[in-house]
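Coordinate inspection notes
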Number of protein chains: 4
Amino acid sequence: MSYFEAIPAIRYEGPQSDNPLAYHYYDRTKKLLGKTLEEHLRVAVCYWHTFVWPGGDIFGHGTFHRPWHQPGDAMERAHQKADAAFEFFTKLGVPFYTFHDTDVAPEGKDLKDYKENFARMVDYLEAKQQASGMKLLWGTANLFSHPRYAAGAATNPNPEVFAWAATQVCHALDATHRLGGENYVLWGGREGYETLLNTDLSREREQFARFLSMVVEHKARIGFKGTLLIEPKPQEPTKHQYDYDVATVHGFLTQYGLQNEIRVNIEANHATLAGHSFHHEIAMAYALGVFGSVDANRGDSQNGWDTDQFPNSVEELTLALYEILRHGGFTTGGMNFDAKVRRQSADPEDLFYGHVGAIDVLALALERAAVLVENDRLEQFKRQRYAGWDTELGRKILAGGYSLASLAADAAAHGFNPQHASGQQERLENVVNQAIYAQR
Amino acid sequence: MSYFEAIPAIRYEGPQSDNPLAYHYYDRTKKLLGKTLEEHLRVAVCYWHTFVWPGGDIFGHGTFHRPWHQPGDAMERAHQKADAAFEFFTKLGVPFYTFHDTDVAPEGKDLKDYKENFARMVDYLEAKQQASGMKLLWGTANLFSHPRYAAGAATNPNPEVFAWAATQVCHALDATHRLGGENYVLWGGREGYETLLNTDLSREREQFARFLSMVVEHKARIGFKGTLLIEPKPQEPTKHQYDYDVATVHGFLTQYGLQNEIRVNIEANHATLAGHSFHHEIAMAYALGVFGSVDANRGDSQNGWDTDQFPNSVEELTLALYEILRHGGFTTGGMNFDAKVRRQSADPEDLFYGHVGAIDVLALALERAAVLVENDRLEQFKRQRYAGWDTELGRKILAGGYSLASLAADAAAHGFNPQHASGQQERLENVVNQAIYAQR
Amino acid sequence: MSYFEAIPAIRYEGPQSDNPLAYHYYDRTKKLLGKTLEEHLRVAVCYWHTFVWPGGDIFGHGTFHRPWHQPGDAMERAHQKADAAFEFFTKLGVPFYTFHDTDVAPEGKDLKDYKENFARMVDYLEAKQQASGMKLLWGTANLFSHPRYAAGAATNPNPEVFAWAATQVCHALDATHRLGGENYVLWGGREGYETLLNTDLSREREQFARFLSMVVEHKARIGFKGTLLIEPKPQEPTKHQYDYDVATVHGFLTQYGLQNEIRVNIEANHATLAGHSFHHEIAMAYALGVFGSVDANRGDSQNGWDTDQFPNSVEELTLALYEILRHGGFTTGGMNFDAKVRRQSADPEDLFYGHVGAIDVLALALERAAVLVENDRLEQFKRQRYAGWDTELGRKILAGGYSLASLAADAAAHGFNPQHASGQQERLENVVNQAIYAQR
Amino acid sequence: MSYFEAIPAIRYEGPQSDNPLAYHYYDRTKKLLGKTLEEHLRVAVCYWHTFVWPGGDIFGHGTFHRPWHQPGDAMERAHQKADAAFEFFTKLGVPFYTFHDTDVAPEGKDLKDYKENFARMVDYLEAKQQASGMKLLWGTANLFSHPRYAAGAATNPNPEVFAWAATQVCHALDATHRLGGENYVLWGGREGYETLLNTDLSREREQFARFLSMVVEHKARIGFKGTLLIEPKPQEPTKHQYDYDVATVHGFLTQYGLQNEIRVNIEANHATLAGHSFHHEIAMAYALGVFGSVDANRGDSQNGWDTDQFPNSVEELTLALYEILRHGGFTTGGMNFDAKVRRQSADPEDLFYGHVGAIDVLALALERAAVLVENDRLEQFKRQRYAGWDTELGRKILAGGYSLASLAADAAAHGFNPQHASGQQERLENVVNQAIYAQR
């Protein structure tokens, strides 16, 4: 049975095609800097937005009419959902997918149910992967939807909730391992606070660190070779989330000695909610040595919540991909579409339009980013700008060769009178635009 | 000669007084929790906003007519400014003041000038302190106004600028030491970036860490016993400042092993620009062990820049002071008014209205915070809320007694089915309001 | 049968009471400026947040266990909900409530069902009102939750949706009239756009104006004497809502000649989402002659969505109530709590804590606002500040007695050289704080 | 004498040129939809940012070393500045410029000075225009920098300040007329408030309306045929500006019967500060019939103030220009660069990089917008989406053929049961990207 009967497999037809259900730029086999587009971008479709979300929002009911959302036996629906998902993945022609435990299997009424349902669905997913060639970019556990997690999971005031969360992550990490997942993600949905009046920050941070340490240890124990990833987000649903942004996560990991064990999964919309650009968060993750993977989406500059729209700015993504490319590209990470069609986009075709357009945007941006890497103009300017630090003075300072007083003495002795030099921001912005818009 | 002739020394006259130039709540000798209000609040007036700023903004010229701003010999004006400042401090009756090196002395045309001018003015300030009994809460150096600092100070692409900055900090820290300053503050005005296109984040962070290490070493060398403080701010004047917020600063310090050497000076308006509440930043600083001092002011929720208004919310400050009181109160820190009267408030009286009102607000908030500390209702609720972590299960988890798998096994064996318990946020908010508004 | 058995009727016990389920300030019979607190504040409880919302959010399921939310016959549950609601209203001791049509009656499967269900529930509500003495502050229709309204109601691209919306408003306005409602509210939940790419702004504004005109005409036809109110909100759920803020609504009404027919219902949290203060929106509504009523709540300055928390700032509400009082107080409007307890506040007690605390805050703020009205200091300063406009020059300008050229000529002839006079903002802020904090 | 000796006249060299001081896309004579790029874009360079601003910000002194900023005779410097400006305009090869009265002439010490200085400089500008062929897009008056305007100009509490402002506008409008300006702009820099506590909103709005009416009348009197424009901005320097956004300005104009006399000059960065997209403000201005001209720049999504950067997003400007093109293009308006190079971009070359890059971005965006106009896909979708309003039902509703009750009756009689139809947002976003990125 087909869930997307009217829709053909999406193929690359080139820039001039008028077919809205074809790729215009994403020629997956095309090579760039020694790798194919598919190998560079490592695109993943997420289960939750695309197959689980019914199209509801805080002011309105679901608008989508998905067959697998209809009332009926929960496990039967879960199998239908998996069938629909793999049909979609295959028609889209992307290599990866991602899921939460409770996206793929019904939670059931207790821990026993949870485990049995999940185990059966993992079997089913394994079979689907083998049949289709699809791979799992990462798995994760939903530790935020059930009422038991209203006050957090690892940071819950009740240790039994911590234990429930541990159970879910144990199973989700095992499943990810078994399904060949290349990463495992922890998003701290409600690991934060609603009000400081009832919150013990020190205690909750300790709990969270303990939880992460247990995950690190479990990974070693089962021999999972993938990467553990934390996904920063500053707020929503909570007033404040502990994993606020990349710098905060890195600081937390460093405090607890976990900075070499866990990396970050950076979401564009979370970056902007935290008051940063997407580019900033990626650059900061590389500077701090914790870059892992990306949740590709976009927010709305006029709306203060996580809109999770499909990315559609080549300009923004060129900078993001430039940063990734010049650091050598993804290793275990990839581009997961943590993105959903709008609530009004209720037709199955809309799911395809959203993904196809976004994948083309990634392909376009990758190509432009490669131009920037190859022409090296940005880096050239930086090398020249910081050249002073490669002189004797600069080296000696950085090597610890000066005290404040001895440097002050030297400055006086040499009569330093440094003049400001232009940062040439406008010229560099033109360099980027030329890489994006010069026809090739 | 008097600069504020028309204005009498400000005295405590009690809540019923109609005198706008009297304290209605700040009775400095009144005792609360074993200390006087003066000892608790450790109020400081800043030099820059109150005596240096001419009342200009980015769209308009100065509106203030201060005698010491008039054209003339720079050193003569600097002495007049000091006279005016100490007259103001004394009339206000606060114990502390704060300054940047270039607030108190003209920069001059080169390093030699800078040093001589500053040295003469430090002599003069020392004499004024002795004559008045005023104390220095902290000193700092202005590493952001001069064009040489356009691209940063310690993080400048030019190491000679680093050397200039080192010179200024060396002298400003020496001066702070000599004047008996209780802290020394580093605000990274332009330690950040305007565009990532010309910025090497890794390199600039290294430079910054080196600079801080040199300051730490200099402090030890001269025997300065005060506290070194970094003042977080997320942006402005730069697009992005490296000392974004308390968590980011703590992460940076931890990465470079400086977390026991440097603490934070938290400004209310910087907290809100970073997407946090003032209360949050203080609570986080205590949770991370780096709380130092406070720049008391407020921003405008409708304006996205640093308005540096005088604090006027007892409600907001009660929570801030509650957090400080329940952690034992200030040690070397205090309440510095990094606040300026509005550009339209051009009269000398306005300087007094701003400070008097804000000091009264602090006094009111302190009293309410003390009620919350004494009635202990918030902490009582927290103790009960987290009680589960003091049971055997909770203790064993935190002590590392469980792996993910063994905890999952225990959860299954005991059939854990934890239910959400109310966080009672609304009741706790009522507890706070009762502390603020119940007549005493 | 009682739904809140454990909770007694809430009584006024005075500021010193330790009972969290008592009023400490809201002594409804106390008189101030010639009216009782009850007459001034005209408090209303809303049906939707308090009796309909299950405690879910976009990331999680409902946490509340209300008997009337359990599965079962929809009309039976609707009656239970009404019983619970009126028990709550009565125990709280407030005079008013508010509802949407679909809060009180199940929508059913078609228009016929809708009408019959609603009609039966209106009968029931009428009986409950008579039995309890409760009054209806306003009714409204839910034109945003059902999927048919995904693209708007009056502004929908499909005129049949407009017709559905007309049907609901027709019935909801009739019901409001019959139940003695004092106002009727229109909140344009999805009257806006998600993307300009598929939106015809001109056409949608025309549709909206037509709809409003039909409502105005229907009001006249049925003899409803209450006030029609539009509730401004800038965005959420849509990217952009046409009723952005008070000024925008007034402009729209003026363009279509409706400015004397419709007023505004101002919500605090909507004001802040629109980049304004609550005080601003109220002051602007009075300046534009369209002030109607208030949705009392608060947002979270750190969160960019409509958090709809209970108001808890006396400082903020004092300014709001001062504005209302000095314009003569509410006429048909009142203080509706468009506020919900937090998702974690899952117990029935929390509903009471939320309302009791907020009503006390209103009572405190009203008392302080009355002090400001009585001491008249703010208005005195304004009269003096603008005194120049009562001179001959000022009067002549405003009366149209000058052209640009003749005024320039006069300015030159008289050698005008006006100097800036202090706006004394800090002193006036102190005046407000003295009204709030001076013990009485 | 040349001020930009090292820099040649900027020429079009095509996309492949590596010359950073050449146009790669702005071929001014190229035709598109029947007009040249020059005729479409009507680019203007502003005097204030480019020739007046010294590169200072609120935390630092000027960094630019412009010869005409050096100390010296004010009128001599003004002539040098004009020489530099016209050399720059000419080298850039744009048709228009814009200025404030006090940009081009020193204010002097009194009204007499002001008039004489300005008159002499207008003579000089007229000669420069004739010699160069440059045209004036618009003139304006600076009613916000001088201390007298600290509390507003037309809305000042002192009518003598109103008279000063009237004098300046009278002269600036006369000068604009004489110099053949195509528009005259009013930006209400401080027409707003810092605090509601000292502000009479009703009175200030009346003053502002009177002022505008006088300007309208003066325009008629002198026979100026250009367009009067208000430039909306929500805040900064004031806390709140009365000309908040396009809708607010239109409402204000409508209230005072000025909606056919005055149009809007929309600035991109002001749009985003007001919580809108640039596209939104332009679309709204057309929907309200008040579109006039554009201040082309960009803000920084992470910074809450007016950064006035050069526009560099083809993606954003394609939508803006699409809106303008499909409404027939500019009439008297144009694209004024209200944009400044960054404070670090201190070299004269940077002025060129900023303008050249931005003009190329406009050219690219114009070309893509023309594709969207020509392929008509967005409009096609809209026509189909709203087709129901062209049926009998739709027409009858809009024509006033229904009352609420009769429409409800019809809806019931016909058993309306409208279903939501997809808005296809993602597909339309792909249509836009295809117009931008498909090679031609």
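These numbers were taken from a predicted model, which means no experiment stands behind them. (Residues numbered from 1 in each chain as written. Chains lettered and ligands numbered in written order. Predicted model: local features only at pLDDT ≥ 70, side-chain atom pairs only at ≥ 80, totals over all residues.)

Let's talk about the overall build of chain A
Where we set the bar: To qualify as a helix, a DSSP run of H or I must reach at least 4 residues; to qualify as a strand, a run of E must reach at least 2; elements of each kind are numbered from the N terminus. For this measure, only C-alpha atoms enter the radius of gyration; the expected value for a globule follows 2.2 Å times N^0.38, where N is the number of residues. The contact criterion used is a C-beta to C-beta distance within 7 Å, with each C-beta placed from the backbone.
In terms of helices and strands, chain A carries 16 helices and 12 strands. The C-alpha atoms of chain A give 24 Å as radius of gyration, which agrees with the globular expectation for 440 residues (22 Å, within 12%). With the C-alpha coordinates of chain A rotated into their principal frame, the extents come out at 85 × 60 × 45 Å. In chain A, of all internal contacts separated by at least 6 residues, the share reaching a separation of at least 24 is 76%.

Some remarks on the packing of helix α8 (residues 246–255) of chain A against helix α10 (residues 278–288) of chain A
Residue and element names in this part refer to chain A. The criterion, for reference: For helices, the fitted line uses only the C-alpha atoms of the stretch in contact; every axis is such a line through C-alpha atoms, and the angle between N-to-C directions lies from 0 to 180 degrees. The cut-offs work like this: below 35 degrees is roughly parallel, past 145 is roughly antiparallel, 65 to 115 is roughly perpendicular, and the gaps in between are oblique. Each residue receives one of three labels: charged for Asp, Glu, Lys and Arg, nonpolar for Ala, Val, Leu, Ile, Met, Phe, Trp, Tyr, Cys and Pro, and polar for the others, Gly being one of them.
Direction vectors running N to C along α8 and α10 enclose 25 degrees, while the axes themselves pass 9 Å from each other. Viewed along their axes, α8 and α10 adopt a mutual orientation that is roughly parallel. Counted together, V246, A247 and H250 of α8 and E281, M284, A285 and L288 of α10 form the full contact between these two elements. Across the contact of α8 with α10, the residue classes break down as five nonpolar, one polar and one charged.

Things to note about the relation of the copies chain C and chain A
What counts, and what does not: The fit set for superposing copies consists of C-alpha atoms from residues with pLDDT of at least 70 in both; the fit itself is least squares.
Mapping chain C onto chain A calls for a screw motion: a turn of 180 degrees about the axis and a shift of 0.0 Å along it, with 0.0 Å RMSD after fitting. When the rotation and shift are considered jointly, the pair of chain copies conforms to a two-fold rotation axis. Of the C-alpha atoms belonging to chain C, the one lying closest to the rotation axis is found on G304 of chain C, 1.9 Å away. Both copies share a contact surface, since 100% of the interface residues of chain C are interface residues in chain A too.

Description of the relation of the copies chain A and chain B
The transform that puts chain A on chain B rotates by 180 degrees and translates by 0.0 Å along the axis, for an RMSD of 0.0 Å. When the interface residues of chain A are mapped onto chain B, 100% of them are again interface residues, pointing to one common binding face.

Let's talk about the UniProt feature "binding site: Mg(2+) 1" (unreviewed entry) in chain A
All names here are of chain A. Just so we agree on the cut-off: UniProt positions are given in the numbering used here, feature names are shortened, and annotations may be inferred rather than shown by experiment. We call a residue exposed when 12 or fewer other C-beta atoms sit within 10 Å of its C-beta, buried when the count reaches 20 or more, and partly exposed for counts in between; the C-beta positions come from the backbone.
Using the residue numbers shown here, the UniProt feature "binding site: Mg(2+) 1" (unreviewed entry) corresponds to E231, E267, D295 and D338. Taking the farthest pair of C-alpha atoms as the criterion, the annotated set spanning 108 residues converges on one region, since that pair is 11.6 Å apart. In this structure, E267 sits in strand β10 (residues 262–267). Residue classification places E267 among the buried positions, given that 28 C-beta atoms sit within 10 Å. Apart from residues no more than four positions distant in its own chain, E267 is found in contact with E231, K233, D295, N297 and D338. Relative to the helices and strands, D338 is located in the loop between β12 (335–337) and α12 (348–375). In this structure D338 touches C46, H49, E267, D295, N297 and D308, once residues within four positions along its chain are discounted.

Here's the deal with the interface of chain C and chain A
Reports often express the size of an interface as the amount of accessible area lost when the parts come together. With 26 residues of chain C at the interface, the matching set in chain A holds 26 residues. Grouping the constituent residues of the side of chain C that touches chain A by class yields eight nonpolar, 11 polar and seven charged.

Concerning the environment of P232 of chain C
Residues and elements named next belong to chain C. Along the polypeptide, P232 turns up in the loop between β8 (227–230) and β9 (240–241). Sequence-wise, P232 and A247 are 15 residues apart; in three dimensions their C-alpha atoms are separated by 9.3 Å. Apart from the residues lying within four places of it in its own chain, the contact partners of P232 are D243, Y244, D245, V246, T248, V249, V264, I266 and H270.

Considerations on the UniProt feature "active site" (unreviewed entry) in chain A
Residue and element names in this part refer to chain A. With numbering matched to this structure, UniProt assigns "active site" (unreviewed entry) to H100 and D103. Topologically, H100 is positioned in strand β4 (residues 96–100). Setting aside anything within four residues of it in sequence, one finds H100 in contact with W48, T140, A141 and N142. One can find D103 in helix α4 (residues 101–104). Setting aside chain neighbours within four positions, we find D103 in contact with Y47, W48 and V52.

Comments concerning the pairing of strand β8 (residues 227–231) of chain B
Within a regular beta strand, the side chains point alternately toward one face of the sheet and then the other, so they alternate between its two faces. Residue and element names in this part refer to chain B. Stated formally: What makes two strands pair is DSSP finding at least two bridges between them.
The element β8 is extensively covered by neighbouring structure, given that five of its five residues are classed as buried. Side chains T227, L229 and E231 of β8 all project onto a buried face; the interleaved residues L228 and I230 project onto the opposite face, where all are buried too. Across five bridges, strand β6 (residues 183–187) lies against β8 in parallel orientation. Following the sheet pairing, W187 is matched in β8 by E231. With three bridges connecting them, β8 and strand β10 (residues 262–267) associate as parallel partners. In the strand pairing of β10, I230 is matched with V264.

Things to note about the sheet that holds strand β6 (residues 183–187) of chain A
Residues and elements named next belong to chain A. The sheet built from eight strands closes into a barrel, its strands ordered β3-β4-β5-β6-β8-β10-β11-β12 with parallel pairing. Adjacent strand axes in the sheet meet at a mean angle of 30 degrees when their direction is disregarded. Sheet topology places β10 next to strand β11 (residues 291–295); four bridges connect them, and they run parallel. Looking at β11, one finds that V264 is bridged to F291.

Structural notes on helix α5 (residues 111–132) of chain A
In an α-helix, one turn spans 3.6 residues, which is why side chains three or four residues apart end up on the same side. How we decide: Expected helix span is computed as 1.5 Å times (number of residues minus one). By arc we mean the arc of the directions from the helix axis to the C-beta atoms, nothing more.
An ideal rise of 1.5 Å per residue puts 32 Å on 22 residues; α5 of chain A measures up with 31 Å between its terminal C-alpha atoms. The complete set of buried residues in α5 of chain A reads L111, Y114, N117, F118, M121, V122, L125 and K128 of chain A. The arc that holds the buried residues of α5 of chain A, viewed along the axis, is 140 degrees, so those residues lie on one side. Residues of α5 of chain A that are exposed and point more than 90 degrees away from the buried face comprise K112, D123, A127, Q130 and A131 of chain A. For α5 of chain A, the secondary structure elements touched by its buried residues are α3 (74–92), α4 and α6 (159–178) of chain A together with α15 (404–414) of chain B.

Some remarks on the domain arrangement of chain A
What counts, and what does not: An automatic or database domain assignment is the source of the domain bounds shown.
Structurally, chain A comprises domain 1 (31–375) and domain 2 (379–437). Relative to domain 2 of chain A, the C-alpha centre of domain 1 of chain A lies at a distance of 39 Å.

Brief notes about the interface of chain A and chain B
Contacts between the two partners involve 81 residues from chain A and, on the opposite side, 81 residues from chain B. At the level of elements, α6, α7 (201–222), α8, α10, α13 (377–385), α14 (392–398), α15 (404–414) and α16 (425–437) of chain A are the ones that each hand at least two residues to the side of chain A that touches chain B. For the side of chain A that touches chain B, the per-class residue count stands at 43 nonpolar, 24 polar and 14 charged.

Describing the nonpolar core
Rules: As used here, a nonpolar core is made of buried Ala, Val, Leu, Ile, Met, Phe, Trp, Tyr and Cys residues. They are joined through C-beta atoms within 7 Å.
One finds L362 of chain A, L362 of chain B, L362 of chain C together with L362 of chain D to be the most contacted residues of the largest nonpolar core, which totals 560 residues. Apart from the residues lying within four places of it in its own chain, the contact partners of L362 of chain B are L41, V43, A296, L317 and M335 of chain B.

Some remarks on the pairing of strand β11 (residues 291–295) of chain D
Residues and elements named next belong to chain D. Definition in use: With its strands directed away from the observer, a crossover is right-handed exactly when the path from the first strand over the helix to the second travels clockwise.
Of all five residues that make up β11, five are buried, and the element is covered over most of its length. In this structure, β11 lies alongside strand β12 (residues 335–337), joined through two bridges in parallel fashion. Bridging across to β12, D295 finds its partner in N336. A crossover links β11 with its parallel partner β12, the connecting element being helix α11 (residues 314–326), and its sense is right-handed.

What to know about the sheet that holds strand β10 (residues 262–267) of chain D
Pairing within the closed barrel is parallel, and its eight strands lie in the order β3-β4-β5-β6-β8-β10-β11-β12 (chain D). Within this sheet the neighbouring strands show an average axis-to-axis angle of 30 degrees, counted without direction.

Examining the packing of helix α11 (residues 314–326) of chain B against helix α12 (residues 348–375) of chain B
Residue and element names in this part refer to chain B. This is how the line gets drawn: Two helices that cross are described as forming a left-handed crossing if the nearer one is turned anticlockwise from the farther one by less than a right angle, and a right-handed crossing if clockwise.
Axis separation between α11 and α12 bottoms out at 7 Å; the angle between their running directions is 55 degrees. Classified by the angle between their axes, α11 and α12 sit oblique to one another. Of the two possible hands of crossing, α11 and α12 adopt the one that is right-handed. For the pair α11 and α12, the contacting residues are V314, L317, T318, L321, Y322, L325 and R326 in the first and V361, L362, L364, A365, L366, R368, A369, A370, L372 and V373 in the second. Here the residues of the contact of α11 with α12 are counted per class, giving 14 nonpolar, one polar and two charged.

Details of α12 of chain B
Look at α12 of chain B: 42 Å from first C-alpha to last across 28 residues, which is about the 40 Å you get at 1.5 Å a residue. Residue D376 of chain B follows α12 of chain B closely and has a positive phi angle near 60 degrees.

Description of the environment of M75 of chain B
Residues and elements named next belong to chain B. Looking at where M75 falls in the secondary structure, it is placed in helix α3 (residues 74–92). The partly exposed category is assigned to M75, around which 16 C-beta atoms lie within 10 Å. Spatially, the C-alpha atoms of M75 and N117 are 7.4 Å apart, while their sequence positions differ by 42 residues. Setting aside chain neighbours within four positions, we find M75 in contact with P106 and N117.

Digging into the confidence of the model for chain A
Applicable threshold: One number per residue, pLDDT, summarises how confident the predictor is, and it ranges from 0 to 100.
Averaged over chain A, the pLDDT score is 97; the fraction of residues at 70 or greater is 100%. Listed scores for the predicted complex are pTM 0.98 and ipTM 0.97.

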